[in-house]
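Spelled out, the chains give:
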Amino acid sequence: MSHHDFHHLTDGNARIALVDDTASHTYGEVNSRIDRFATGLLGNRSDLEEERIAFFLPASLDYVTCMHGVWRAGGISVPLNVASAVAELDHYLSSAKVTRMFAQAGAPNELRELCASLGIELLTVEEMLAEAPGDLPEIDPGRRAMMLFTSGTTSKPKGTVSTHKTIRAQITTLIDAWCWTEDDVIPLFLPLHHIHGIVNILSCGLWAGATVHLFAGLDIPKVTSQVAAGVYNVFMAVPTVYVKLIQYLETRDEKEVAAVCAGFKAMRLNISGSAACPVKLFEQWRDLTGQVLLERYGMTEIGMGISNPYHGERRAGYVGQPLPGVEVQLFDESHRPVEGEGNPGEIRIKGDNVFLEYWGNEEATRKSFVDGWFCSGDMAVIEDGYYRIMGRTSVDIIKSGGYKLSALEIEGVLLTHEEIAEVAVIGAEDEVWGEAVTAFVVTKSGDELDFAELKSWCNERMSSYKIPKHVKRLDALPRNAMGKVTKPSLKSIPL
């Protein structure tokens, strides 16, 4: 990303770019700090030539300095999940062949030991800042810029490599589609090793010249008090966060609830993504705040691909239509395009927004493309011109008795049951059905559900072949850092 891309990041721009716990930072201040950091990273070299530089940093001025500094110096940014176990980091750092790692002062000893064992220099951003900015290289848009590790819900996480051109396309598509301006103010509390926080919030915000409020983690009392004070006009979160906000508001007094809901109501946009937004949640949020959530679809490899419209009908349970500049087509198992509405197929994507490769894994990269289309591994169907996601072909599409069922659809119905707080549906191997619809539920009371009663409740709400054949109560569903349920780990639970 050259200077010219994020054109608000220029010396002397006095608008506020970032707000953290302690201070506000103008675009001009952030820009010169990035230049000094990039200069320090280069030392006596003229270009980092795609050196992999990792950072283990929460949302902060340091994080932004690091990400952009590495880009400007010609390196590849490798942002890591600050909630990771050190054992997981070992896989990321060694597979990416990282040479330098940035963390906060006083990093945990395990991290020091891990870096030492891998021959990685562990540094702070502060100590790398040069006295003054020096000459920085011209960066070709086709060069590698960032490596994000996939959630790894189904396999060892792969390093997804994007070029400067990829990231630019991912950002500009959203600036356009979601009408970003420099008057926008948005909170950022999502993890910053993931496309949602990095591109949709932080990068779009900085590209637009907006103001981003940085949170080291989700602090609901603080976020809601800022919402009530009218600080933000755009809000993006994962469904779990909207659920937690609703639960939190149930514990507050009427006056506070009214102020927070009014704060949301005044915003220009609320977005939900990274996991399916259940229709029930969509309706609860609308009833509470008047905000019609804009749901969209994306993944690490493509940024965002499909979105409900900013102007126009946002439909509950649907992710909308292809974004500008993104080509989308459904394909069947024989790689033939699926035509007509109502016929399910795998989502495949083309466009400048698509990633370059899986790092050091030519075979995985090759397998993920067919005739130039990136194969998402997600099944969808088009209904009245809007895409509806049925789920991951590997974990959410249940092949039962000759039917292809969507786990997400069944989960959405089960969530409307007054006793069910959370649910995950999978297909368990079954001699009769091939796969039997199996529901793992967290109940509100912590009690078991009566299976016969649940079946008769389901009878009125879904086709007989979609009704769960097994129901198992858990105290909590297993989730990864983004709050996505790790379904493969449910397969091993005895029924």
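Residues numbered from 1 in each chain as written. Predicted model: local features only at pLDDT ≥ 70, side-chain atom pairs only at ≥ 80, totals over all residues. Heavy atoms only, no water.

A. Layout of the sheet that holds strand β14 (residues 303–307). The five strands lie next to each other as β11-β12-β13-β14-β15, forming an open sheet whose pairing is mixed. The open sheet is flanked by β11 (234–237) and β15 (321–322), the only strands paired with a single partner. Pairing of strand β12 (residues 269–272) with strand β13 (residues 294–299) involves two bridges; the strand directions are parallel. For Ile 271, the partnering residue across the bridge sits in β13 and is Leu 294. Relative to the sheet, helix α9 (residues 239–249) contacts β11 and β12, its axis offset from that of β11 by approximately 110°. (Pairing = 2+ DSSP bridges. Helix = DSSP H or I, 4+ residues; strand = E, 2+ residues; numbered from the N terminus. Contact = heavy atoms within 4.5 Å. Axes fitted to C-alpha atoms, helices over the stretch in contact; angles between N-to-C directions.)

B. Region of the structure containing helix α14 (residues 451–459). Of the residues making up α14, those classed as buried are Leu 454, Trp 457 and Cys 458. For α14, the angular spread of the buried residues around the axis is 100°, confining them to a single face. Set apart from the buried face of α14 by more than 90 degrees, the exposed residues are Ala 452, Glu 453 and Asn 459. At its buried positions, α14 is contacted by α13 (407–414), β24 (420–430) and β26 (470–473). Sitting at the amino-terminal end of α14 is Asp 450, which places a side-chain oxygen 3.0 Å from the backbone nitrogen of Ala 452. (Buried < 20%, exposed > 50% of the residue type's maximum accessible area, 1.4 Å probe, protein only. Arc of directions from axis to C-beta. Polar contact = N/O pair within 3.5 Å; in protein donor to acceptor, adjacent residues only side chain to side chain.)

C. Examining the environment of Ser 203 more closely. Inspection of the secondary structure assignment puts Ser 203 in helix α7 (residues 195–208). The class of Ser 203 is buried, set by a relative accessible area of 3%.

D. Inspection of the nonpolar core at higher detail. Ranked by internal contacts, the top residues of the largest apolar core, which has 109 residues, are Leu 18, Phe 102, Trp 178 and Phe 235. For Phe 235, the residues in contact, after removing those within four places along its chain, are Ile 186, Pro 187, Phe 189, Val 223, Val 227, Tyr 242, Leu 245, Phe 264, Met 267, Leu 269, Asn 270 and Ile 271. In terms of nonpolar packing, the next biggest core, distinct from the first, is built from 20 residues, Leu 89, Met 101, Leu 114 and Met 147 among them. (Core = buried A, V, L, I, M, F, W, Y, C linked by side-chain atoms within 4.5 Å.)

E. Spotlight on the pairing of strand β10 (residues 211–214). Of the two faces of β10, both are covered, the one formed by Thr 211 and His 213 as well as the one formed by Val 212 and Leu 214. Alignment of strand β1 (residues 16–19) against β10, held across two bridges, turns out to be parallel. Within β10, the position partnered with Val 19 by the bridge is His 213. Looking at chain direction, strand β9 (residues 185–188) and β10 are connected through four bridges and run parallel. Note on β10: the bridge partner recorded for Ile 186 is Val 212. Considered for its hand, the β-α-β crossover made up of β9, α7 and β10 is right-handed. (Right-handed = clockwise from strand over helix to strand, strands pointing away.)

F. Summary view of the layout of surface pockets. For the second largest pocket, the calculated volume is near 460 Å³. In terms of lining residues, the second largest pocket is bounded by 25 residues, among which Phe 189, Leu 190, Pro 191, Leu 218 and Ala 481 are the most central. A total of three residues in the lining of the second largest pocket trace back to one element, the largest contributor, which is α9. Grouping the constituent residues of the lining of the second largest pocket by class yields 17 nonpolar, five polar and three charged. (1 Å grid on protein atoms, 1.4 Å probe; cavity = no way out; pocket = protein on both sides within 12 Å on 5 of 7 lines; lining within 4 Å. Points joined across faces, edges and corners; volume = space filled by probe spheres on them. Nonpolar A, V, L, I, M, F, W, Y, C, P; charged D, E, K, R; others polar.)

G. Inspection of the packing of α9 against helix α10 (residues 254–265) at higher detail. Between α9 and α10, the shortest axis-to-axis distance is 10 Å and the interhelical angle comes to 150°. As judged from the angle between their axes, α9 and α10 are roughly antiparallel. Across the interface between the two elements, Leu 245, Tyr 248 and Leu 249 of α9 pack against Glu 256, Val 257, Val 260, Cys 261 and Phe 264 of α10. Tallied by class, the residues present in the contact of α9 with α10 amount to seven nonpolar, no polar and one charged. (Parallel < 35°, antiparallel > 145°, perpendicular 65-115°, else oblique.)

H. Highlighting the sheet that holds strand β2 (residues 24–26). Spatially, four strands are ordered β2-β1-β10-β9 in an open sheet, and the strand pairing comes out mixed. Where the open sheet ends on each side, the last strands, each with one partner, are β2 and β9. Each strand of the sheet is rotated relative to its neighbour by a mean of 20°, with strand direction disregarded. Along the sheet face, α7 touches β1, β9 and β10 and points at about 145° away from the line of β9.

I. Quick peek at the pattern of salt bridges. On inspection of all chains with the given rule, the structure shows 32 salt bridges. One salt bridge connects Glu 448 with Arg 473, and the closest N-O pair in it is separated by 3.5 Å. Of this pair, Glu 448 sits in the loop between β25 (434–443) and α14 while Arg 473 sits in strand β26, and the two are 25 residues apart along the sequence. By relative accessible area, which is 58% here, Glu 448 ends up exposed. Classification of Arg 473 as partly exposed rests on a relative accessible area of 22%. Linking Glu 460 and Arg 461 is a salt bridge whose minimum nitrogen-to-oxygen distance equals 3.9 Å. Overall, the relative accessible area of 40% leaves Arg 461 in the partly exposed class. Each of Glu 383, Arg 388, Glu 409 and Lys 466 takes part in a single network of salt bridges with overlapping partners. (Salt bridge = Lys/Arg side-chain N within 4 Å of Asp/Glu carboxyl O.)

J. Main features of the side chain of Thr 224. Examined against the element boundaries, Thr 224 turns out to sit in helix α8 (residues 220–228). In this structure the side chain of Thr 224 is engaged in a polar contact, spanning 2.7 Å, whose partner is the backbone oxygen of Ile 220. The residues contacting Thr 224, other than those within four sequence positions of it, are Leu 245, Tyr 248 and Val 260.

K. Spatial organisation of the packing of aromatic side chains. Per the counting criterion, the structure on display carries 16 aromatic pairs. The interplanar angle of 65° and the centroid separation of 5.0 Å between the aromatic rings of Phe 6 and Trp 207 together place this pair among those described as edge-to-face. Remark: Trp 207 occurs in helix α7 and Phe 6 occurs in the segment before β1; sequence separation between them is 201 residues. Taken together, the ring pairs connect Phe 189, Phe 235, Tyr 242, Phe 264 and Trp 285 into an aromatic cluster. Looking at Arg 315, its charged tip hangs above the ring of Tyr 386, at a distance of 3.7 Å from the centre. (Phe/Tyr/Trp six-rings, centres within 6.5 Å; stacked < 30°, edge-to-face > 60°. Lys NZ or Arg CZ within 6 Å of the ring centre and 35° of its normal.)

L. Representation of the packing of helix α2 (residues 61–73) against α7. As a packed pair, α2 and α7 sit with axes 13 Å apart at the nearest point and diverge in direction by 85°. Overall, the two elements α2 and α7 adopt an arrangement that is roughly perpendicular. Counting all contacts with α2, which are made through Tyr 63, Val 64, Met 67 and His 68, the residues of α7 involved are Ile 198, Leu 202 and Leu 206. Split by residue class, the contact of α2 with α7 holds six nonpolar, one polar and no charged.

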